[in-house]
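Chains, contacts and geometry: an overview
Residues per chain are reported as follows:
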Amino acid sequence: MIDKFVASLADAVRDVHDGATVLVSGFGGAGMPTDLLHALIDQGARELTVVNNNAGNHETGLAALIKAGRVRKMICSFPRASHSWVFNDLYRRGKIELECVPQGTIAERLRAAGAGLGGFYTRTAYGTDLAAGKETREINGLHYVFETPLHGDFALVLADRADRWGNLTYRKSARNFGPVMCTAAATTIVQVRRRVGLGELEPEAIVTPGIFVNRLVVVPDPGFSS
């Protein structure tokens, strides 16, 4: 019998290894798998490369992971925000690396990884510092930058409901990067608000099919997440 649920947050993140690339869902606090991130702090993995829309808020979730010194490099679209003082301080002191990627580009790089594509051309960032060192091409009189897929060793994702096969639904804007990150990671770990029985989720309402999910843990009241 397939049952992807595990008993605890610690079990969920048990095999995240030093040096892993970890995709983390969320747009600010919305959709952030805060409880999985705090379990990852307790687990102890270091030298991580983390992919997220931004670089953490306040001192919880991703910001807490960064503050604990576990993140070597951030790949994100919005490293500076009104509540991202943890990352800002470490970056100014040269304690953490940054790869800044436009938001649409980061989403498409994740999608390309999940779809098995070798990359894509985009007009975004052409002629800017973000295109430095990248292949460019003129197509029909317009200039494009070639972007490569963005794969993860692990994805930490927040979803709303799941059955034991791993089929997922999301809650409103908390959906954001979760679906593409699930497809782009070798191992996808999801914290959900509620477990439901097989057949309770309407097939048309399932956003992420269970084939893209490896591990599930129930967190009824997720911390600082929407």
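One can find the structure itself at the top, above this paragraph.
Residue indices follow the written sequence of each chain, beginning from 1 at its first position. Predicted model: local features are reported for residues with pLDDT of at least 70 only, side-chain atom pairs are reported and counted for 80 or more only, and whole-chain, interface and lining totals are derived from all residues. Side-chain measures here rest on the full set of heavy atoms in the structure, leaving out hydrogens and waters.

1. Some words on the packing of aromatic side chains
Quick reminder of the rule: Each Phe, Tyr or Trp ring, with Trp reduced to its six-membered ring, pairs with another whose centre is within 6.5 Å; inter-plane angles below 30 degrees give stacked pairs, above 60 give edge-to-face pairs, and intermediate values give tilted ones. Only DSSP runs of H or I covering at least 4 residues are called helices, and only runs of E covering at least 2 are called strands; the numbering of each starts at the N terminus. Only protein chains enter the calculation, and the probe is 1.4 Å; a residue is then buried if its accessible area is under 20% of its type maximum, exposed if over 50%, and partly exposed in between.
Applying the stated criterion across every chain yields a total of two aromatic pairs. Aromatic pair Phe87 and Tyr91: ring centres 5.6 Å apart, planes at 15°, arrangement stacked. Of this pair, Phe87 and Tyr91 are both found in helix 4 (residues 85-92), four residues apart, which corresponds to roughly one turn of the helix. By relative accessible area, Tyr91 is classed as partly exposed at 42%.

2. Section: a nonpolar patch on the surface
Rules: In this analysis, a patch consists of residues with relative accessible area above 30% that form no salt bridge, clustered at 9 Å for like charges and at 5 Å for the nonpolar side chains Val, Leu, Ile, Met, Phe, Trp and Tyr. Method for areas: the Shrake-Rupley scheme with a 1.4 Å probe, in which residue coverage is limited to the protein chains shown. Salt bridge, as used here: a side-chain nitrogen of Lys or Arg that lies within 4 Å of a carboxyl oxygen of Asp or Glu.
On the surface, a cluster of nonpolar side chains totalling about 290 Å² of accessible area is made up of Ile2, Trp165 and Leu198. By the element assignment, Trp165 lies in the loop between strand 8 (152-162) and strand 9 (168-169).

3. A short note on helix 5 (residues 103-115)
How we decide: For a helix, the expected span equals 1.5 Å multiplied by the number of residues minus one. Directions pointing from the helix axis toward each C-beta atom define the arc.
If you check helix 5, its first and last C-alpha atoms are 18 Å apart, about what 13 residues at 1.5 Å a residue would give, namely 18 Å. If you check which residues of helix 5 are buried, you get Thr105, Ile106, Arg109, Leu110, Ala112 and Ala113. Buried residues of helix 5 fall within an arc of 160° about the axis and therefore sit on the same side. Once helix 5 ends, the next one or two residues include Gly116, with phi positive near 75°.

4. Some words on the pattern of salt bridges
Enumeration over the complete set of coordinates arrives at ten salt bridges. Note that Lys67 and Glu59 form a salt bridge whose closest N and O atoms lie 2.6 Å from each other. Since its relative accessible area comes to 53%, Lys67 is described here as exposed. The residue Glu147 makes a salt bridge to Lys134 at a minimum N-O spacing of 3.0 Å.

5. Digging into the nonpolar core
Under the convention used in this document: The set of buried Ala, Val, Leu, Ile, Met, Phe, Trp, Tyr and Cys residues whose side-chain atoms join them within 4.5 Å is what this entry labels a nonpolar core. In what follows, a contact means two residues having at least one pair of non-hydrogen atoms within 4.5 Å.
Counting 33 residues, the largest nonpolar core has Val16, Leu48, Leu65, Ile66 and Met74 as the members making the most contacts within it. When residues of this core are traced back to their parent elements, those giving at least two are strand 1 (21-24), helix 2 (34-43), strand 2 (48-51), helix 3 (62-67), strand 3 (71-76), helix 4 and strand 8. If near-sequence neighbours (up to four positions away) are discounted, Ile66 is found in contact with Ala55, Val71, Met74, Val86, Phe87, Leu90 and Ile96. Ile75, Val101, Leu110 and Ala113 belong to the second largest nonpolar core, which has 24 residues in total.

6. Some details on the sheet that holds strand 6 (residues 136-139)
What counts is decided by this rule: One requirement defines pairing of two strands: DSSP has to find at least two bridges between them. With axes taken as lines fitted to C-alpha atoms, and helix axes fitted only over the stretch in contact, angles between N-to-C directions fall between 0 and 180 degrees.
Read across the sheet, three strands follow the order 5-7-6 without closing on themselves; strand pairing throughout is antiparallel. Pairing within the sheet leaves two strands with one partner each, and these edge strands are strand 5 (120-122) and strand 6. Between one strand axis and the next, the sheet turns through 40° on average, direction left out of account. Along the sheet face, helix 5 touches strand 5 and strand 7 (142-147) and points at about 170° away from the line of strand 5.

Remember that the coordinates give geometry; whether it matters functionally is a separate question.
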